[in-house]
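# Geometric and topological summary
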Amino acid sequence: GEGGGSIYAAAGNVTLSDSVFSDCRSDAFGGALAVSGSAALSISRSNFMGNAAGEAGGSIHATAGEVFLEDSVFSSCSAVKLGGVIAVSGSARLSISRSDFTGNNAGVEGGAVHATAGEVTLADSVFSS
């Protein structure tokens, strides 16, 4: 699909914990999840493996709203252009804490995270190839 291979959120609160997103696909944005509008997405203790997007955000793409990630693992995710794991633009806010990013890639920019606007906060996380 065009956005959010598994979940698309445009409003409301979405909370995910102890979840696995594996080999999710989107032809365009957010291989596993896409967030826009006033949505708030909170993810904890989850694994994202092998997700891919044809444009941006191999696992997550956010153009607005809020995305909170903690204690999660992102591995082998990819995007053809931007943000192998996460692409953030517009007014989106992204907060990442205590998470691991391993072996992710993007064809143009941001092997793990690509942000062109919005607000991004990173804490106590590990990024490796």
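See the structure printed just above.
Now for a quick tour of the structure. (Residues numbered from 1 in each chain as written. Predicted model: local features only at pLDDT ≥ 70, side-chain atom pairs only at ≥ 80, totals over all residues. Heavy atoms only, no water.)

### Some remarks on the sheet that holds strand β2 (residues 13-17)
Here we have 5 strands laid out as an open sheet, ordered β2-β6-β10-β14-β18, and parallel in their pairing. At either end of the open sheet lies a strand with only one pairing partner, and these are β2 and β18 (119-123). Each adjacent strand pair in this sheet contributes to an overall mean axis angle of 5°, direction not counted. With 5 bridges connecting them, β2 and strand β6 (residues 40-44) associate as parallel partners. Following the sheet pairing, N13 is matched in β6 by A40. (Pairing = 2+ DSSP bridges. Helix = DSSP H or I, 4+ residues; strand = E, 2+ residues; numbered from the N terminus. Axes fitted to C-alpha atoms, helices over the stretch in contact; angles between N-to-C directions.)

### Concerning the nonpolar core
Membership of the largest hydrophobic core comes to 25 residues, with the highest contact counts inside it found for L33, I43, F48, L69 and I86. Contacts of F48, omitting those with residues within four sequence positions, involve F21, A32, L33, I43, S59, V73, F74, S75 and C77. (Core = buried A, V, L, I, M, F, W, Y, C linked by side-chain atoms within 4.5 Å. Buried < 20%, exposed > 50% of the residue type's maximum accessible area, 1.4 Å probe, protein only. Contact = heavy atoms within 4.5 Å.)

### Some words on the pattern of salt bridges
Counted by the stated rule, this structure contains 5 salt bridges. Its salt-bridge partner being R98, residue E70 comes within 3.2 Å of it at the nearest N-O pair. Taken together, the residues E70 in strand β10 (residues 66-70) and R98 in the loop between β14 (93-97) and β15 (100-102) connect sequence positions 28 residues apart. Owing to a relative accessible area of 32%, E70 belongs among the partly exposed residues under this scheme. With its nearest N and O atoms 2.9 Å apart, the salt bridge here joins R98 to D71. Here the residue R98 occupies a position in the loop between β14 and β15, and D71 occupies one in the loop between β10 and β11 (73-75), the gap between them amounting to 27 residues. If you follow the salt bridges from partner to partner, you end up with E70, D71 and R98 in one network. (Salt bridge = Lys/Arg side-chain N within 4 Å of Asp/Glu carboxyl O.)

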